[in-house]
Amino acid sequence: VSPSAAVVQAPIFSPADVSNPPVNTFDKSAPSTCFDTPNWVDYYGLVCDNYEVIDEPGCPQLGSLHEGNMGVAKDNCCYCGGGSHTLPPTTSPKSMCNDTSGWYNFEGYDCSWYEVFDDPGCPKYGNQTADNSSTAKGSAKDNCCYCQNAVVSTLSPTKAPSSSGTCFDTEGWEDINGDGCEWYQRYYDDPGCPERGNDIASLGTMGPAAENCCYCKDPTCGDYKSRCQYYTREYYWTFDPNRVQSMCDTATFCDCEAAVSIKIVTNLRGSYIETVGLYNECKCNFWSNLCEETGVGAVCDYAAEYCCGDYKYYQEGNRFWYLNSPLCYCDFFNYARNEFGHSSKPKALNISTEFSNPCDQFEIFVSSGETENERESLEAIYFATNGQNWTNNDKWMNFTVSHCKWYGISCDDLGYVTSIDLQNNNLEGQFPVYTRTENSDGYPILDNDWLRSKFGLATLLKLKMLDLSNNKLSGTIDYLPLYNLHSLTHFDVSGNHLSGEVDALVTNVCRLQSATHGRAW
C-alpha cells in the first residue's frame, strides 16, 4: 500500500560527512576586505553565510552549483572566492560586524539560529541569554550581528518555465544531420537545450536549434515535467543525481509557489543538526506521485521529507528524531522497504547515513503518553469552543469524576480517549487543534516542532471516532497534526462553517474508513 500523499524540497548538498563538518578557516576580518554581492541568493534561497556552514573555504563542492538570478556562489560570495573588493552603495563590509565567537544560547544554538527563527533585530528572542557553558556571556542582541542590525534583504523570485504554449517551431527547420525539433525534445537535450542548442551540429540552413525550436528557446512546464519523469530512473539517480534534482526542481516550480528556503541549524550543546522548513504540501503531492509511479527509492526519500517535515540528526549514535510526524515517516519507511527494498535516507542533509526507524519513535511517543494529558486536551477544547454554552456539558470540568465520564467522551480501560461524540451540541470557535508557543517553563516551542506545539485533538493519540458535526465551528481546519492519530477511523465535521479540504494525510488514510467535512462551509 502506498504511503499517504499530500502532507518537503531539499537542496542537494554535496556528500560532506555531517559528523565531521569542515573546519572554517575563512577570516572575515582579513586585511583585504571583501563584500558579498548584495541580495544574492542561490536557486534554493540560500545566502552566502549558509555556504560557510555547508561547504569548505573556496566552496569546492557547491560553489558552481545551484545558480541563482545573479550567478553561482563562486562569483558572489567572499567565502567561495567571489564577491567584490569595492564597497557597493548602501552595503557595509562584512568585517564591520562579527558574531561573538563561542557564544550560544541556553538551548545550545549560536547566532545563525536567530537568522532562521527570528526577524532582523531579533524582536522575538533577542533577549535570550547565553548558556552557562558558553565562553561568551550576554544576550543574542549583545553578541549576534543579525540581532543588532534590523536589515531586511529583498530576494528576487525565480522565473518559472513558460506555460503559455504560444511558441511555434520554425516550419521545415532541420539541423545538419537532418533532424528536426522533435528529435531534440525526445532524445538529444534537456529543456532549453543547454548542451546542444547552439552546438555546431545543431546548425541548419536557418540557424541553430536554440533559435528555431520552442523546446530550446521557450521550454514549457510540460517539457520539464516530462524530462523529470524520464530521468527518475535508478540509473540516473546513481550516476547523475544533480541533473535529476535540477530538472525535477524546475518541474515542481511549475505547480508550486517558490518555497521558503530550507535551513540547516546546528545545536552546539546537544550535538545535533536540525532541519527547518522541509514540509511543503504542494511538493509533497508532486514527489509522492512520482514515488508511486517510478518506485525509485531516492524519489520516495524526497517525498517523505516534503510530506513529513523536519527532523533532528544526532551525530553521536546516528540517531534521528522526527519533529512533525513520525507516523508519516514510518509509513514512507515501510513502503520503501517493503515495496522495493529501499533504505530511506535524509536528502536534506545528503549524508550516507540511513534514517533510523521512525516507527520505533512513534510507538514510544504513543506509549509514553499520560492520561492527565488527555484531560488537559479536553479542557482546552471545552474553553476554546464556548463549553459553558454547549447544549449538553454534563460532568465537563468536574474534577471529582474521571474525564472518561464527561458527556460525549469514551475511553479505553487505561483512560485514553477513544471517542468524542459532540454532534449538534452548540460548539463555537475554531477547529480544535491549537498551537502553543512555549512550554510550561516558559521556553519557546518553535513552529516546526508539531509534536510539542500542537495540542487539543492533536494529542489524543488513541482516538478512534470523532463526530463534531452540525455545530458552529469556523475557520480553517488544521489537519496536519492529526496524521499522528493512527487509530482514527471515523471523522465527521460536516454542518459547520469550516474551510479546507480533507488532506490525504489525515491519519493513515488506508485505515480511514469514514472522513467527511460535508458541504456546509
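Below is a short write-up of the structure.

Residues I176, I200 and L203 make up a contiguous nonpolar surface patch of roughly 310 Å² in combined accessible area. Under the relative-accessibility criterion, L203 is labelled partly exposed at 36%.

Right, let's talk about the pattern of salt bridges for a bit. This structure, assessed with the given rule, holds 4 salt bridges. Notably, a salt bridge pairs R243 with D190, separated by 3.0 Å at the nearest N-O pair. Within this pair, whereas R243 is found in helix α11 (residues 241-255), its partner D190 is found in the loop between α6 (181-188) and α7 (209-212), the two being separated by 53 residues in sequence. Take R243: its relative accessible area is 25%, and that puts it in the partly exposed class. Here R243 and E195 are joined by a salt bridge, their closest N and O atoms 3.3 Å apart. Here E195 lies in the loop between α6 and α7 and R243 lies in helix α11, a separation of 48 residues in the sequence. Here the salt bridges share partners, and the residues they tie into one network are D190, E195, R227 and R243.

In this structure, C59 is a non-glycine residue whose phi angle is positive, near 50°. Here C59 is to be found in the loop between α1 (48-54) and α2 (73-76). Of note in this structure, N470 is not a glycine but carries a positive phi near 60°. Its location among the elements puts N470 in the loop between β10 (465-467) and β11 (472-476). When its relative accessible area of 43% is taken as the criterion, N470 is described as partly exposed.

Before going further, it helps to spend a moment on α11. For α11, built from 15 residues, the straight-helix expectation of 21 Å at 1.5 Å per residue is met to within 8% by its first-to-last C-alpha distance of 22 Å. Buried within α11 are the following residues: V244, Q245, M247, C248, D249, T250, A251, T252 and F253. Buried-residue contacts for α11 involve α9 (221-231), α10 (234-239), α12 (281-294) and α13 (297-308).

Another point: the environment of H403. Relative to the helices and strands, H403 resides in the loop between α16 (371-384) and β5 (409-411). The class for H403 is buried, based on a relative accessible area of 5%.

Let us look at empty space enclosed by the protein. Roughly 60 Å³ of internal volume is contained in the largest cavity. Contributing to the lining of the largest cavity are 10 residues, with W450, L451, A458, P481 and N484 lying nearest its centre. For the lining of the largest cavity, the class distribution of residues is 6 nonpolar, 3 polar and 1 charged. Taken as a whole, the second largest cavity holds about 40 Å³ of empty space. What lines the second largest cavity is A304, Y322, Y329, F332, F333, S344, F355 and P358.

Quick notes on the rules
By convention here, each chain's residues receive numbers from 1 onward along its written sequence. Residue-level local features of this predicted model are given only where pLDDT is at least 70; pairs of side-chain atoms are given and counted only at 80 or more, and the full residue set underlies all totals for whole chains, interfaces and linings. Side-chain figures throughout are based on the complete set of non-hydrogen atoms in the structure, without hydrogens or water. Here the term patch refers to residues with relative accessible area over 30% and no salt bridge, with like charges joined within 9 Å and nonpolar side chains (Val, Leu, Ile, Met, Phe, Trp, Tyr) within 5 Å. Each accessible area is a Shrake-Rupley estimate made with a 1.4 Å probe; only the visible protein chains count as cover when residues are assessed. When a carboxyl oxygen of Asp or Glu lies within 4 Å of a side-chain nitrogen of Lys or Arg, that pair is called a salt bridge. Partly exposed describes any residue whose relative accessible area lies between the buried limit of under 20% and the exposed limit of over 50%, with all areas from a 1.4 Å probe on protein chains only and scaled to the type maximum. Helix numbering and strand numbering both begin at the N terminus, where a helix is a DSSP run of H or I of at least 4 residues and a strand a DSSP run of E of at least 2. By this rule, a helix spans an expected 1.5 Å times one less than how many residues it contains. We call two residues contacting when some pair of their heavy atoms lies within 4.5 Å. In this analysis, the protein atoms alone were mapped onto a 1 Å grid. Cavities are point sets where a 1.4 Å probe fits without being able to get out; pockets are open sets with protein on both sides within 12 Å along at least five of seven lines; lining residues have an atom within 4 Å of a point. Grid points are joined across faces, edges and corners, and a volume is the space filled by probe spheres set on the points. All residues other than Ala, Val, Leu, Ile, Met, Phe, Trp, Tyr, Cys, Pro, Asp, Glu, Lys and Arg, Gly among them, are scored as polar; the first ten of these are nonpolar and the last four charged.

These values are about where atoms sit, not about what they do.
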